[in-house]
Every structure is written in structure tokens, then in C-alpha cells.
Amino acid sequence: MSRFTKIFHGLYPKRCLICHETMTLERYVCASCHGSLWPVTDYCTTCGCDLIDNVGCLHCSDESSPAIDHIIMGYHYQDAVRTAIVGLKFNRQLYMVRALSEWMNGVILMHQNWLSTIDAIVPMPVDRVRLAGRGFNQVHEIAKALQPSLQAPILSNVLHKRALTIPQSGLNRQARLTNLTDALSANAVSGHLLLLDDVMTTGKTLQHAARALKDAGAQTVTALVIAKA
């Protein structure tokens, strides 16, 4: 660290983006908040749902032909991760992208062999009403922060959400299926696409988005999810 940098940090201490406590490390999040992260493990790499010991995935048996070829999960939607996503999504705290990318870069490194074959990144879209109210697509902002690690172009105008839908988390199974009918469409695409989303609740939205990409010409769709609710 240069002398100027030491003086600068002495006058303007660096603070954790989550809890705002003073930090000495050259990171965006303090050790305490970082320690609250709970990585998602033992999940189905096709649908993202929990695996049952000696049984496997019960959800995939209900899906005749899953559109997602491989899914990579980040962290459980709680504590620091939830604070960062809520701040970004609902409070326009765009700086939270720095924290999310710091955490997800480690996930990307762990799955580098698989992710090295992607041709492009496709952020999950938001409908026009929510986009107008929010002013930005939070997933696209996360995609831009992760792009240096993923080394792939971002296709921001390929996947479209054509209808204002009710959040999936508040619906039963049948209502979830009806809610997403004809809600997602895609322009012509090809190759191995990385479908990026911030929070997965039921996984149905991801499957519908992947199906739209497959119908539009994608050969392989991998999903990368920041948090699992």
C-alpha cells in the first residue's frame, strides 16, 4: 500500500458495505459479514432443489424434460446476502453489486471448468413496469460486475418478459405454472448460454426462461443463481 493510500484510508476509513463497520482489509465486506455467508450445497444440478439422502431429487421426476442443463447455486438468501440483494433491488443501492460480485467470483472459480465453455451471459429480464419503477435491471448490473471473471459477452436484449407476473414465491404449484405461461420469450440465439438470476425461489421461472432460450436455438443452458430462498 502506498503512502498516499495509507493517508487516504486514515482520513477516510473504508467501511463494510453491509454493516458499515470500519475495515482494514482491501475488500468490500468485513470478515464478520463474510462469515455469515451460507453456501448452497447438496443440491440438484438440474433444478437447484435439495437432494434427499438415498433418494436424490424428487422435483426432477415431476419435470418431463428440464430445460436447464446445469445449475450453479451461490448462497442461501439470508443475512449479508439478503441485505445486499434487497438493498440493490429495492433501495437502489447499486454499490451492493461490489459485494455480490466479490462473493460470486469465488463460486465462479470453483466451477471454472464448466463455465469456461459458455458463449454468452443472459441476465434474467424484468418486465417493463418493474423496469420503469426501478430504473434498472439488477441482474444486468450483477452480470456487468461478473463479466471480467466469466469472460463472455452479455446478451441483454435476447430474453424478454412479456407480461407483468405475480412473484412466484406467493403462489401454489398450479398457480406458479399458470403465472408464467407465455410470460417469457427469446430472440434467436445459439451456443452455450449462461442464464443469470439473483434469487431462486421455486426454480420454475428459471426453467421457463431456459425453455424459451432452447426454443430460440440455444444448444446448452447453464443457470447461475446468486441466492436460494
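Residues numbered from 1 in each chain as written. Predicted model: local features only at pLDDT ≥ 70, side-chain atom pairs only at ≥ 80, totals over all residues. Heavy atoms only, no water.

Novice: What am I meant to see in helix α7 (residues 138–150) here?
Specialist: Because each turn of an α-helix spans 3.6 residues, side chains separated by three or four positions end up pointing in the same direction. Taking 1.5 Å of rise per residue, the 13 residues of α7 would be expected to cover 18 Å, and the 18 Å separating its terminal C-alpha atoms lies within 8% of that figure. Bending of α7 peaks at approximately 35° at the position of Lys144, with proline Pro148 no more than four residues after it. Every buried residue of α7 is accounted for by Gln138, Val139, Ile142, Ala143, Leu146 and Leu150. The N-terminus of α7 is capped by Asn137, whose side-chain oxygen sits 3.0 Å from the backbone nitrogen of Val139. Following α7 by one or two positions, Gln151 adopts a phi angle in the positive range, close to 55°. (Helix = DSSP H or I, 4+ residues; strand = E, 2+ residues; numbered from the N terminus. Expected span 1.5 Å × (residues − 1). Bend = angle between axes of the 7 residues up to and from the residue. Buried < 20%, exposed > 50% of the residue type's maximum accessible area, 1.4 Å probe, protein only. Polar contact = N/O pair within 3.5 Å; in protein donor to acceptor, adjacent residues only side chain to side chain.)

Novice: Looking at this model, I keep getting lost on the UniProt feature "domain: Phosphoribosyltransferase" (unreviewed entry) in the protein. Mind explaining?
Specialist: On the UniProt side, "domain: Phosphoribosyltransferase" (unreviewed entry) is annotated at positions that read residues 191–227 here. Across residues 191–227 one finds 32% helix and 46% strand; the C-alpha atoms that close the span lie 26 Å apart. (UniProt positions renumbered as here; feature names shortened; annotations may be inferred.)

Novice: Before we go on, may I ask you to explain the environment of Phe90 in this structure?
Specialist: Here Phe90 shows up in helix α3 (residues 79–91). Between the alpha carbons of Phe90 and Arg134 there is a distance of 7.4 Å; along the sequence they are 44 residues apart.

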